[in-house]
Amino acid sequence: MTQERTSEQAPGTTEAGRFDVVVVGGGAAGLNAALTLVRARRSVLVLDAGEPRNAPADAVHGLLAREATPPAELLARGRDEVRGYGGEIVTARVGDVTRDEPGGFTVTTTDGRAVGARRVLVATGLVDELPDIPGLSERWGRDVVHCPYCHGWEVRDRAVGVLGGGPLSVHQALLFRQWSDDVVFFGRGGALSDEEREQLAARGIRVVDGAVDAVEVDGDRITGVRSAGGSSTAREVLVVGPRMAVRAGFLAGVGLHPREHPSGVGDHLPVDGRGETDVAGVWAAGNVTDPSAQVGNAAAAGAFTAAQLNGDLVQEETRLAVAGYRSRSAAAADRQRGTAG
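Predicted, not measured: the structure shown is a model, and the values here were computed from it.

Trainee: I would appreciate a short explanation of the overall build of the chain in the present structure.
Mentor: Each helix and strand in the chain was counted, giving 6 helices and 20 strands. If you line up the chain on its principal axes, its C-alpha atoms span 100 × 40 × 35 Å. Taken over 341 residues, the chain has a buried fraction of 46%. A sequence separation of at least 24 residues applies to 60% of the contacts in the chain between residues at least 6 apart. By element, 49% of the accessible surface of the chain is carried by carbon and sulfur atoms, the whole surface being about 16,400 Å². Mean positive and mean negative side-chain charge positions of the chain (36 and 45 charges, respectively) differ by 7 Å.

So this is what it looks like as structure tokens:
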């Protein structure tokens, strides 16, 4: 297991192998949460499997002051910042989370390491499940895209095809029309309402009905879409609406399971207004709770949730301190009465 550590032990670590917070996932949400927590003098361990969702992309877009930064560079900067304040980062995949006797959690990695945590913050993101169309997955993140705000500028004025079938596919077509006047919608056998057909027609978006057999690729670029029956439509870019599946199977041990997202695009972990899940002590931020969040949104959610989590720990520590104070005060009063008698 590869480890990245600092020589300085994180402030607040009271016993070996136990942390105030274990952050599961080292993407934008997880690292920004960890940064917020270590700056609050919490002992923090980040466990990251090293499989960021945006790894296929060339650059991060729409992030102020970091526009067009390669994803790997952005994460490397974040790891350095977390380590600089005493946080620990370990490359490992979490296999299980369970309650432990002291009232916190035991987080176990798939290679057998077990660590204790007072709180767990889940920021594992999600996996994009693409339609099973030959040639599609190989081009994912290059000329097969899904978000106009992430990729629209880069594909502007090109021949764009939008694959139907997802709950937001017509909406995607209307959005990408903002960046190109050459957009074709491939229905893939799905039914379009009269209103949807009218909207597409009004924006000059041609509809090709019927199933899609394959994405045509020549060398290192998409050249078209082959429909059932053999006809081909020349395209340079394809837009797809993947099903978004969160990485949260390791939470079954505490009774926490993903639920279908209201938008219909996939599943998610519901959280309250502070970022805490249905299981007390387990918090979540980023794409694992909000499938549509871009890098900036995920990072902001990580910082917000970390602040709420820290506040929760402060409340717990204050309750314990008050209980201890009352106990000491009562003991002192008993001693004083005994002396007086």
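Trainee: How do you make sense of the side chain of His261 when you look at a structure like this?
Mentor: Its location among the elements puts His261 in the loop between strand S18 (259–260) and strand S19 (267–268). We classify His261 as buried; its relative accessible area is 18%. Beyond its immediate stretch of four places on either side in the chain, His261 contacts Gly266, Asp267, His268, Thr289 and Pro291.

Trainee: What should I look at first to understand the packing of aromatic side chains in this one?
Mentor: Within this structure, the stated rule accounts for 2 aromatic pairs. Ring geometry for Tyr149 and Trp179: centres 5.8 Å apart, planes at 85°, overall edge-to-face. Note that Tyr149 is positioned in helix H3 (residues 148–151) and Trp179 in the loop between helix H4 (169–176) and strand S11 (183–186), a separation of 30 residues in sequence. In this structure Trp179 comes out as buried when scored by relative accessible area, which is 19%.

Trainee: Would you take a moment to explain the sheet that holds strand S16 (residues 237–239) for this structure?
Mentor: Strands belonging to one sheet form pairs held by backbone hydrogen bonds; the direction of such a pair is parallel or antiparallel. An order of S9-S16-S10-S11-S12 is seen for the 5 strands of this open sheet, with the pairing classed as parallel. Each end of this open sheet is capped by a strand with a single partner; those strands are strand S9 (144–145) and strand S12 (206–208).

Trainee: Which parts of the structure should I look at to understand helix H6 (residues 295–340)?
Mentor: In an α-helix, one turn spans 3.6 residues, which is why side chains three or four residues apart end up on the same side. Taking 1.5 Å as the rise per residue, H6 with 46 residues should run 68 Å; its terminal C-alpha atoms sit 67 Å apart, in good agreement. Turning to H6, the residues buried within the fold contact strand S2 (18–24), helix H1 (28–39), helix H2 (71–84), strand S7 (114–122) and strand S20 (282–284).

Trainee: Could you clarify how one ought to interpret the pairing of strand S5 (residues 94–99) in this entry?
Mentor: Of the strand pairs in this sheet, S5 and strand S6 (residues 105–109) are connected by 5 bridges, and their pairing is antiparallel. Its bridge partner being in S6, Val97 is matched across the sheet by Val107. In sequence, S5 turns back onto S6 through a hairpin of 5 residues, with Gly103 there showing a positive phi of about 100°.

Trainee: Looking at this model, I keep getting lost on the sheet that holds strand S13 (residues 212–218). Mind explaining?
Mentor: Reading across the sheet, the 3 strands line up as S13-S14-S15 and stay open at both edges, with antiparallel pairing between neighbours. Looking along the sheet, the strands with just one partner apiece sit at the ends: S13 and strand S15 (232–234). Taking each pair of neighbouring strands and ignoring which way they run, the sheet shows an average axis angle of 30°. Two strands pair when backbone bridges link them, and strand S14 (residues 221–227) and S15 are joined in this way by 3 bridges, in the antiparallel orientation. By the bridge assignment for S15, Arg226 is matched with Ser232.

Trainee: I'm lost on the nonpolar core in this one. Help?
Mentor: Within soluble globular proteins, side chains that are nonpolar tend to cluster in buried spots. Counting 29 residues, the largest nonpolar core has Val22, Val97, Val122 and Leu251 as the members making the most contacts within it. Elements represented by at least two residues in this core include exactly S2, strand S3 (44–48), S5, S6, S7, strand S17 (243–246) and S20. Here this core gets 4 residues from one element, more than from any other, and that element is S7. Among residues more than four places away in sequence, those in contact with Val122 are Val24, Phe250, Leu251, Leu269, Val282, Trp283, Ala284, Ala285 and Val288. Formed by 22 residues, the second largest nonpolar core is a distinct cluster that contains Val23, Val46, Leu75 and Ala285.

Trainee: How should I be thinking about the UniProt feature "domain: FAD/NAD(P)-binding" (unreviewed entry) in the chain in this particular structure?
Mentor: Taking the UniProt record as the reference, the feature "domain: FAD/NAD(P)-binding" (unreviewed entry) is found at residues 19–301. With 19% helix and 29% strand, the stretch residues 19–301 has end C-alpha atoms that lie 21 Å from each other.

Trainee: Can you walk me through the packing of H1 against H2 in this structure?
Mentor: For any two helices packed against each other, one specifies the crossing angle of their axes together with the interaxial distance. Running from amino to carboxyl end, H1 crosses H2 at an angle of 20°, the nearest separation of the two axes being 9 Å. It follows from the interaxial angle that H1 and H2 lie roughly parallel. The handedness of the crossing between H1 and H2 is left-handed. Where H1 approaches H2, its residues Ala28, Leu31, Ala34, Leu35 and Val38 are matched on the opposing element by Leu75, Gly78, Arg79, Glu81 and Val82. In terms of residue class, the contact of H1 with H2 is made up of 7 nonpolar, 1 polar and 2 charged.

Cut-off values and rules
Residues numbered from 1 in each chain as written. Predicted model: local features only at pLDDT ≥ 70, side-chain atom pairs only at ≥ 80, totals over all residues. Heavy atoms only, no water. Helix = DSSP H or I, 4+ residues; strand = E, 2+ residues; numbered from the N terminus. Buried < 20%, exposed > 50% of the residue type's maximum accessible area, 1.4 Å probe, protein only. Contact = heavy atoms within 4.5 Å. Areas by Shrake-Rupley, 256 points an atom, 1.4 Å probe, with all protein chains shown as cover. Lys, Arg positive; Asp, Glu negative; His and termini not counted. Charge placed at Lys NZ, Arg CZ, Asp CG, Glu CD. Phe/Tyr/Trp six-rings, centres within 6.5 Å; stacked < 30°, edge-to-face > 60°. Pairing = 2+ DSSP bridges. Expected span 1.5 Å × (residues − 1). Axes fitted to C-alpha atoms, helices over the stretch in contact; angles between N-to-C directions. Core = buried A, V, L, I, M, F, W, Y, C linked by side-chain atoms within 4.5 Å. UniProt positions renumbered as here; feature names shortened; annotations may be inferred. Parallel < 35°, antiparallel > 145°, perpendicular 65-115°, else oblique. Left-handed = near helix turned anticlockwise from the far one by under 90°. Nonpolar A, V, L, I, M, F, W, Y, C, P; charged D, E, K, R; others polar.

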